[in-house]
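In case you want the letters, here they are:
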There are 2 protein chains.
Amino acid sequence: MPNLELGEALREWASLLGDEHVSCDAATLASAGTATFASSSRVLAILRPESRDHVQQVVRIANRHRIPIYPFSTGKNWGYGSRVPPRDGVLVDLGRMNRIVAFDEQLAYVTIEPGVTQRQLYAYLQERGSKLWMDATGASPDCSVIGNTLERGFGHTPMGDHCANACGYEVVLPNGECLETGFGRFPEARTTALSRWGVGPSFDGLFSQSNLGIITRMTVWLMPAPEAFEVFVFQSDGPIAPIIEALRPLRLDGTLRGVTHIGNDYKVLSGAGPYPWAAAGGKTPLDEATMARLRRELRITKWSASGGLYGTRGQVREARSLLRRALAGKVDRLQFVGPRKLALLRRIEPAYRAMTKRTDLQRALIFIPPLLDLLQGRPTESFLGSSYWRKKMTTNTLNPDVDRCGLLWCSPVAPMRGEDVTAVMDLAREISLRHGFEPQISISLINERMTISTVALTYDRDVAGEDDRAMACYQELMRRLTEQGYPSYRLNVASMHYGNAGAEYKNVIRAMKAALDPKGILAPGRYE
Amino acid sequence: MPNLELGEALREWASLLGDEHVSCDAATLASAGTATFASSSRVLAILRPESRDHVQQVVRIANRHRIPIYPFSTGKNWGYGSRVPPRDGVLVDLGRMNRIVAFDEQLAYVTIEPGVTQRQLYAYLQERGSKLWMDATGASPDCSVIGNTLERGFGHTPMGDHCANACGYEVVLPNGECLETGFGRFPEARTTALSRWGVGPSFDGLFSQSNLGIITRMTVWLMPAPEAFEVFVFQSDGPIAPIIEALRPLRLDGTLRGVTHIGNDYKVLSGAGPYPWAAAGGKTPLDEATMARLRRELRITKWSASGGLYGTRGQVREARSLLRRALAGKVDRLQFVGPRKLALLRRIEPAYRAMTKRTDLQRALIFIPPLLDLLQGRPTESFLGSSYWRKKMTTNTLNPDVDRCGLLWCSPVAPMRGEDVTAVMDLAREISLRHGFEPQISISLINERMTISTVALTYDRDVAGEDDRAMACYQELMRRLTEQGYPSYRLNVASMHYGNAGAEYKNVIRAMKAALDPKGILAPGRYE
């Protein structure tokens, strides 16, 4: 785009938002253009609107001057691109729009703006003494709830499928108009926060993983705190297939209402501390023989799983015995952590954490306290540390983008069936190691029928050539997994083309984009 | 449209489908143009394609000649318009496309075509000795599963919210292209039947209650038959508010997984037999004083409810005691019908039915056996009879359209809160009676947070003036309920304008329609 046009647009934006809310200095832009992997698109400016009206004006100015704009909520889309746009453009930082607009304890929902973080929502519920739980992802307490939902993120509780538990979007369209989805278009409707369909075509799906509108408000459903809550953890050195087969019926029949997560050995190891340079003789990747040795030494099993049981005391007791029966003979150890053990673990955690750092023993256990948090919808920062896996540095303020942590997520979806999950594991393991990366994988039983495996490629961007090697590995993972029938549920900003399949799909996307955004100013290249 | 164009199109359609699958004779068209209320649009022809390829060709011919076409699955959209199009046009009857394309016992789904009826799907599962249950609506065993889902219909089991349990649509677009939603666009994907989002914008919502595409295939999720199943029924002569307040927490916490239905006195009476002409002194409507007398005489209570408990024996036992505790003091009688009592009821049903017809006593109980069916996902014809409420005729073959039964459904959505449901009941009761109709209402706890009240206006189309009076009543119900914050979840073919609210919504609908269907040939006027 011509600089002249950008200059004029920036003047209009500055006059709308105030100079202090339009950033153009090189350092800020470079930082916003940095993800946890190599990316080439440039950030031309950052705008920080504070209201829906601002967003509408911002969009209108962009349209007049044909400047591409890329909204983000808090920009913590780590491993998928952080704040980096898929192509050059101006970022629209929605972080100042962080109001909690409505809250209903009885009907268990909250209506929020995109800047509302997990931490903020959690604190809000605590302050009010609410009996409701939110769902949290492990990414960071500073993640936007809406941002995560629009990327179809997921968590751990019965509300873990975020898109399935949200409705009533307020959407600023590429022409600056504002659409309310569901029943929201009826001025008097009392049901906007309660229905995912409304009447007539339902638009919500159109605006997640999309570039057709900017969500400025959304209702997120919460769950009543259950009378009883218990965590189960199990380990296994056997094959994964029978475990999946054993869990599926419990997911399908509603016994397991939350999202069970199963991590492999590499995942557990990387979550508990830095790369074992000594054990690996200073080399990467950590090969399978070394991993096998470390498993023995550190008492890590091939698979470690966790999930929550939610309900009345009676329901939880029943779920416990059903789970015990289903997993008998299929896992090495199944443990239940009830409220008392839970409180104890929380008390001893700091000491335990300090201790394990020294002794490096039983790393697997270090996971439990933060998992307990997530399983109760409490945001935690504990999992962010794993992006420092191969970094030879220590820091107290985690910022993977700035610290040049390398992180790429590949997230294939597979049927909740032993053979399918095994196929994904085998492929991901072989490809990752061959490219020089540890296959750090967790399998999430996201709904009743399917799993999402999140394969993390974690590396040090300061090591020459690693960015390229990691991206090559990611590309092969994506290509091979898609070919085998396991496309990913989510894409990174450098790899949106993996969503392109089917001429008819592309035609429809193109037609809708042309209809709603004829000048193509809203997030061009995002999921298209 | 010019007759010339229609004639040419009909020749092309006949050459595509065969003459026997293009109907133009006046009697057939008049019958297809008849609903259970007054409608004015004319059916110009009926086409009966047998494959997706046929549908694509049909659409292309329609486009070339600019002839509006209206697809229907089996056309049993009783009370909302049957097969009648909202405007003049050619009907496309998808009934011949009745293949069950895929079935997965493990992952609990079936992939079907639009002509597949509830009866057919049920028989299919039975024949295979499947351990899976489908969900059924009370409309008729001959209803299309897809047709009901696309109208956002609902049933009784934990899979009762049909749209929330369907995915992987195959859609013939208005230009004749074929779009697969979700992961379907990836040729190798094994996850098309398992994910409601896929990757990138999700289109499913766009094609329900819409005129943007013709669904030729869909995956419908099933549920594993639970180890234990029990029905609860309760009656109450008290206010409805405390009942709703008592049930909401059990719906929100997952104890009540199915859709509880609560019928009022008029609903129960109309479900169990014809209008009590003698008791009413030959007059309509049945006023509240007479209804009160009949309640006493026939031992009907103001409210009668039913729902299912699903799970293991332990889970059902727990749910039973939670329900008992929650409803204590709020209902007159709470009963649980377990498998034994259930079998007994089924055995005595024919005799019982014959008996109640004679004695007219305890009509409420007649409901139980068919409800037991629906609560287990077994389609039943038992509820269709209520559309003959005011008809002075007897018939063994129920066909409300042909028999000139009057039936109009108004279906306001309200928060699952005592005061809101009370407000809807009061309004619906007052308006219906004032217009001369009995307020036959059932309240469905369709998801965790909202209710749908289906208000049936049941009358005799052969009584002069009744069509107009019923429509006037419907219009006042719609207008007043919407004004009070309770818009309907579904509209009839003569009243699509109630979906029109908000300039931005209309702009978006118009833009999408123009993008996907520039000549406006697909179901113009449907939900727009």
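Residues numbered from 1 in each chain as written. Chains lettered and ligands numbered in written order. Predicted model: local features only at pLDDT ≥ 70, side-chain atom pairs only at ≥ 80, totals over all residues. Heavy atoms only, no water.

### Side note on the side chain of Ser444(A)
Residues and elements named next belong to chain A.
Inference 1: As for its placement among the helices and strands, Ser444 is situated in strand β18 (residues 440-444).
Inference 2: According to the relative accessible area criterion, Ser444 is buried, its value standing at 1%.
Inference 3: In contact with Ser444, other than residues within four places in its own chain, are Phe154, Val259, Thr260, His261, Met450, Thr451 and Ile452. (Helix = DSSP H or I, 4+ residues; strand = E, 2+ residues; numbered from the N terminus. Buried < 20%, exposed > 50% of the residue type's maximum accessible area, 1.4 Å probe, protein only. Contact = heavy atoms within 4.5 Å.)

### A short note on the relation of the copies chain A and chain B
Inference 1: Superposing chain A onto chain B takes a rotation of 180 degrees plus a shift of 0.0 Å along the axis, which leaves an RMSD of 0.0 Å. In the structure described here, the two chain copies are related by an operation that fits a two-fold rotation axis.
Inference 2: In this assembly, 100% of the residues forming the interface of chain A have copies in chain B that are likewise at the interface, indicating an isologous arrangement. (Least-squares fit on C-alpha atoms with pLDDT ≥ 70 in both.)

### Quick look at the pattern of salt bridges
Side chains bearing opposite charge may pair, as long as their charged atoms lie close to each other.
Inference 1: Overall, the coordinates contain 68 salt bridges over all chains when judged by the stated rule.
Inference 2: Measuring nitrogen to oxygen at the nearest pair gives 3.9 Å for the salt bridge that ties Asp420(A) to Arg190(B). Placement of the pair is Asp420(A) in helix α12 (residues 418-434) and Arg190(B) in the loop between β9 (178-180) and β10 (214-221), with the two residues belonging to separate chains.
Inference 3: Given the relative accessible area of 45%, Arg190(B) is considered partly exposed.
Inference 4: As a salt-bridge pair, Glu466(B) and Arg469(B) come within 2.8 Å of each other at their nearest N and O atoms. (Salt bridge = Lys/Arg side-chain N within 4 Å of Asp/Glu carboxyl O.)

### Description of the interface of chain A and chain B
Inference 1: Listed by partner, the interface residues are 83 residues for chain A and 83 residues for chain B.
Inference 2: Between chain A and chain B, roughly 7,100 Å² of surface is buried when both sides are summed, and carbon and sulfur atoms account for 63% of that area.
Inference 3: The interface formed by chain A and chain B contains 4 salt bridges.
Inference 4: Taking the shortest distance from any N to any O, the salt bridge between Asp104(A) and Arg417(B) comes out at 3.0 Å.
Inference 5: Applying the counting rule to chain A against chain B returns 42 residue pairs in polar contact (both at pLDDT 80 or more). (Buried area = accessible area lost by both parts, 1.4 Å probe. Polar contact = N/O pair within 3.5 Å; in protein donor to acceptor, adjacent residues only side chain to side chain.)

### A look at the domain arrangement of chain A
Residue and element names in this part refer to chain A.
Inference 1: The domain boundaries assigned to chain A delineate domain 1 (100-224) and domain 2 (228-483).
Inference 2: Computed over C-alpha atoms only, the centres of domain 1 and domain 2 are separated by 28 Å.
Inference 3: Across the boundary between the two partners, domain 1 contributes 21 residues, which contact 21 residues of domain 2.
Inference 4: When the two sides are added together, the surface that domain 1 and domain 2 hide from each other amounts to roughly 1,700 Å², 69% of it contributed by carbon and sulfur. (Domains from an automatic or database assignment.)

### A word on the sheet that holds strand β3 (residues 69-72) of chain A
Think of a sheet as strands paired side by side through backbone hydrogen bonds, with each pair either parallel or antiparallel.
All names here are of chain A.
Inference 1: Pairing in this open sheet of 4 strands is mixed, and the strands run β1-β2-β4-β3 from one edge to the other. The open sheet has two free edges, formed respectively by β1 (22-23) and β3, since each of these has just one partner strand.
Inference 2: Of the pairings in the sheet, the one linking β3 to strand β4 (residues 89-93) comprises 4 bridges and is parallel in character. Within β4, the residue paired with Phe72 across the bridge is Asp93. (Pairing = 2+ DSSP bridges.)

### Some details on the pairing of strand β2 (residues 43-47) of chain A
All names here are of chain A.
Inference 1: With 5 of its 5 residues buried, β2 lies for the most part within the structure.
Inference 2: Pairing analysis gives 2 bridges linking β1 to β2, with the strands arranged antiparallel. What sits directly across from Ser23, in β2, is Ile46.
Inference 3: Here β2 runs beside β4; their pairing, made up of 4 bridges, is parallel. Residue pairing for β4: Val43 is matched across the bridge by Gly89.

### Digging into unusual backbone geometry
Inference 1: In this structure, the amide linkage connecting Thr284(A) to the following residue, Pro285(A), adopts the cis form with an omega of -5 degrees.
Inference 2: Here Pro285(A) is to be found in the loop between α7 (265-272) and α8 (288-298).
Inference 3: Positive phi is not limited to glycine here, since Ala108(B) has a value of about 60 degrees.
Inference 4: Tracing the backbone shows Ala108(B) in the loop between β5 (100-104) and β6 (109-112).
Inference 5: With a relative accessible area of 0%, Ala108(B) lands in the buried category.
Inference 6: Despite not being glycine, Arg299(B) has its phi angle at roughly 55 degrees, a positive value.
Inference 7: By the element assignment, Arg299(B) lies in the loop between α8 (288-298) and β14 (303-311).

### A few points about the confidence of the model for chain A
Residues and elements named next belong to chain A.
Inference 1: This prediction gives chain A a mean pLDDT of 93; 95% of its residues lie at or above 70.
Inference 2: Considering only residues more than four positions removed or in separate chains, one finds that residues 358-364, a stretch of pLDDT under 50, has 14 contacts.
Inference 3: Overall fold confidence for the complex sits at a pTM of 0.96, while the interface term, ipTM, reaches 0.95. (pLDDT = per-residue confidence, 0-100.)

### Quick notes on the packing of helix α14 (residues 503-516) of chain A against helix α14 (residues 503-516) of chain B
Inference 1: In the contact formed by α14(A) and α14(B), the axes pass within 9 Å of each other and the chain directions differ by 135 degrees. As far as their axial angle goes, α14(B) and α14(A) are oblique. As α14(A) runs across α14(B), the sense of the crossing is right-handed. Contact residues: α14(A) offers Val508(A), Ala511(A), Met512(A), Ala515(A) and Leu516(A), while α14(B) offers Val508(B), Ala511(B), Met512(B), Ala515(B) and Leu516(B). (Axes fitted to C-alpha atoms, helices over the stretch in contact; angles between N-to-C directions. Parallel < 35°, antiparallel > 145°, perpendicular 65-115°, else oblique. Left-handed = near helix turned anticlockwise from the far one by under 90°.)

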